[in-house]
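An overview of the molecular structure
The primary structure of each chain is shown beneath.
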Amino acid sequence: MYISNIFEKVGNTPIVSISMEDNCHITLYAKLEAYNPTGSVKDRAAHYILKKLKQSKTINSDTTIIESTSGNFGVALSAYCKYHELKFIAVVDPNITLMNENLIRSSGAEIIKVTQPDKYGGYLLTRIEKINELKKDIENSYWVNQYENPLNAAAYYHTLAREICYQVDEIEYIFMGVSSGGTITGVSQKIKENYPNAKVIAVDVEGSVIFNNPPKKRFIPGIGSSMVPKILSAASIDEVVMVDEVETIDACYELLEKHSIFSGGSSGSVLAGIKKYFSQKELYQPVNVVAIFPDRGERYYDTIYNETWCKNIREKLEKERKQIVTP
Ligand SMILES: Cc1ncc(COP(=O)(O)O)c(C=O)c1O
């Protein structure tokens, strides 16, 4: 059966079973979201949200879509907006990678880069300020607002979680990284409906404030946030595992070397979270553990897969640790 456009091929990504040397009771199923048309889990949200907004006539062919995003969502939205012939403005900050900036631009989107740090030293508030200005200035504009828009979670409820329930017979645990909260909110709702005893474990990175941990500069894009996403209040999360950047880097290399999975940063964080979680837990019987791997490694050549960058991160973390031990 032919499709008329690659963007209709979103979802139905493969799931692979990975052996866990550290714990023979675990069968790990990794859902590889890199196999979506623009290379990440965010294809699902971009595709679903635009489709629903068009169906409900919330937007029309003259609407300008606006979003604050420097990452995969920007890449996906720019592509799906082009597909729907919609104008898209991505509000980004200087931390955007050259790769993502080029990808967003290549779909014909406009990029507005804020350069003024906010009162916390980041750019989140400045980006939101810019969005509010754009909303006022551009008639018929729509701010997607992934942190609050229920359609973001609904996208994962209706697609990703459904596929996982179909692909894995019994689920005891599911681990997901969190940023906007869309994935974990939608997936956790569906998983709990189908497997009420399944444990949903959120993985977050040190420096992210999503689960009330202290803020700190973060270097791995895609996971964590400097604000608590409103959408997350509808999520059903049993536990949270925090991992650091070195654990993330090590897990990415483990995925590549042992399992030939060239993963993005947050996939490494998720594997690191799984290892950490089960290292503190006694398992007496086999369990099925699902992990969502949101994207793949190419977008991380300047970070995770750059030796100098990794060395600097290791040294930075080591220094921080020493400062904590010897005040
Ligand atoms: C690489 C990566 N990992 C994890 C996530 C987390 O997904 P969510 O924003 O749905 O919480 C994202 C979202 O952009 C991502 O791009």
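With that settled, the discussion passes to the pairing of strand β8 (residues 199-205). Where burial is concerned, most of β8 is hidden: six out of the seven residues are buried. Taken together, the five bridges between strand β7 (residues 173-177) and β8 define a ladder with parallel strand orientation. Across the sheet, residue Tyr173 finds its bridge partner in β8, namely Lys199. Two strands pair when backbone bridges link them, and β8 and strand β9 (residues 239-243) are joined in this way by five bridges, in the parallel orientation. Looking at β9, one finds that Val205 is bridged to Val243.

Packed helices, taken two at a time, are described by their axes: the angle between them and the distance between them. The N-to-C vectors of helix α1 (residues 42-55) and helix α2 (residues 72-83) enclose an angle of 40°; their axes lie 8 Å apart at closest approach. Classified by the angle between their axes, α1 and α2 sit oblique to one another. The handedness of the crossing between α1 and α2 comes out as right-handed. Where α1 abuts α2, its residues Lys42, Asp43, Ala45, Ala46, His47, Ile49 and Leu50 lie against Asn72, Phe73, Ala76, Leu77, Tyr80 and Cys81. Within the contact of α1 with α2, the residues separate by chemical class into nine nonpolar, two polar and two charged.

The tally for this structure, following the rule as stated, stands at 10 aromatic pairs. Cluster of aromatic residues (ring-pair linked, three or more members): Tyr173, Phe175, Tyr277 and Phe278. Across from the ring centre of Phe73, 5.0 Å away, lies the NZ or CZ of Lys42, which sits over that ring. Here Arg296 stacks its cationic end above the ring of Tyr35, 5.6 Å away from the centre of that ring.

This part is about the layout of surface pockets. To find leftover empty space, one rolls a probe the size of a water molecule over the atoms. Reported here for the second largest pocket is a volume of approximately 180 Å³. What lines the second largest pocket is Glu8, Val10, Gly11, Arg44, His47, Tyr48, Lys51, His158, Thr159, Arg162 and Glu163. For the lining of the second largest pocket, the elements supplying multiple residues, two or more each, are α1 and α5 (150-167). Here the residues of the lining of the second largest pocket sort into two nonpolar, four polar and five charged.

What follows concerns the site of the ligand. Near the ligand you find 14 residues, and of these Lys42, Ser179, Ser180, Thr183 and Ser266 are the closest. Here Ser180 contributes a side-chain N or O atom positioned 2.7 Å from an oxygen atom of the ligand. Taking Gly182, its main chain carries an N or O atom lying 3.5 Å from an oxygen atom of the ligand. Relative to its unbound accessible area of 380 Å², the ligand is 96% covered by the protein chains. Residues of the shell around the ligand, tallied by class, amount to three nonpolar, nine polar and two charged.

Glancing now at the domain arrangement of the protein. Its domain assignment divides the protein into domain 1 (6-36 + 150-317) and domain 2 (42-143). One C-alpha centre belongs to domain 1, the other to domain 2; they are set 24 Å apart. Taken residue by residue, the interface counts 26 residues in domain 1 and 19 residues in domain 2. Between domain 1 and domain 2 lies a buried interface of about 2,000 Å² when both sides are counted; carbon and sulfur atoms form 61% of it. Counting across the interface, domain 1 meets domain 2 through two salt bridges. In this structure, the salt-bridge partner of Glu163 is Arg44, at a minimum N-O distance of 2.8 Å. Counting across the domain 1 and domain 2 interface gives eight residue pairs in polar contact (both at pLDDT 80 or more). With nine residues, the single largest contributor to the side of domain 1 that touches domain 2 is α5. Counted by class, the side of domain 1 that touches domain 2 contains nine nonpolar, nine polar and eight charged residues.

Glancing now at the pattern of salt bridges. As enumerated under the stated definition, the model contains 22 salt bridges in all. The salt bridge involving Asp93 is made with Arg127; its shortest N-O contact spans 3.1 Å. Of this pair, Asp93 sits in the loop between β4 (87-92) and α3 (98-106) while Arg127 is found in helix α4 (residues 124-137), placing the two residues 34 residues apart along the sequence. Looking at Arg127, the relative accessible area reads 13%, which means it is buried. The closest approach of N and O atoms between Glu315 and Lys311, which form a salt bridge, is 3.5 Å. Residue Glu315 and its partner Lys311 are both found in helix α9 (residues 307-325); the two are separated by four residues, about one turn of the helix. The network of salt bridges with shared partners includes Glu206, Lys216, Asp244, Lys316, Glu320 and Arg321.

Residues apart from glycine generally show negative phi values, whereas peptide bonds are mostly found in trans. If you check the backbone angles, Lys57 has positive phi at about 60° while not being a glycine. Within the secondary structure layout, Lys57 lies in the loop between α1 and β3 (64-68). You can call Lys57 exposed: its relative accessible area is 72%. Even without a glycine there, the phi angle at Asn145 is positive, about 50°. Counting through the fold element by element, Asn145 comes out in the loop between β6 (141-143) and α5.

Conventions adopted
Residues numbered from 1 in each chain as written. Predicted model: local features only at pLDDT ≥ 70, side-chain atom pairs only at ≥ 80, totals over all residues. Heavy atoms only, no water. Buried < 20%, exposed > 50% of the residue type's maximum accessible area, 1.4 Å probe, protein only. Helix = DSSP H or I, 4+ residues; strand = E, 2+ residues; numbered from the N terminus. Pairing = 2+ DSSP bridges. Axes fitted to C-alpha atoms, helices over the stretch in contact; angles between N-to-C directions. Parallel < 35°, antiparallel > 145°, perpendicular 65-115°, else oblique. Left-handed = near helix turned anticlockwise from the far one by under 90°. Contact = heavy atoms within 4.5 Å. Nonpolar A, V, L, I, M, F, W, Y, C, P; charged D, E, K, R; others polar. Phe/Tyr/Trp six-rings, centres within 6.5 Å; stacked < 30°, edge-to-face > 60°. Lys NZ or Arg CZ within 6 Å of the ring centre and 35° of its normal. 1 Å grid on protein atoms, 1.4 Å probe; cavity = no way out; pocket = protein on both sides within 12 Å on 5 of 7 lines; lining within 4 Å. Points joined across faces, edges and corners; volume = space filled by probe spheres on them. Near = heavy atom within 4 Å. Polar contact = N/O pair within 3.5 Å; in protein donor to acceptor, adjacent residues only side chain to side chain. Areas by Shrake-Rupley, 256 points an atom, 1.4 Å probe, with all protein chains shown as cover. Domains from an automatic or database assignment. Buried area = accessible area lost by both parts, 1.4 Å probe. Salt bridge = Lys/Arg side-chain N within 4 Å of Asp/Glu carboxyl O.

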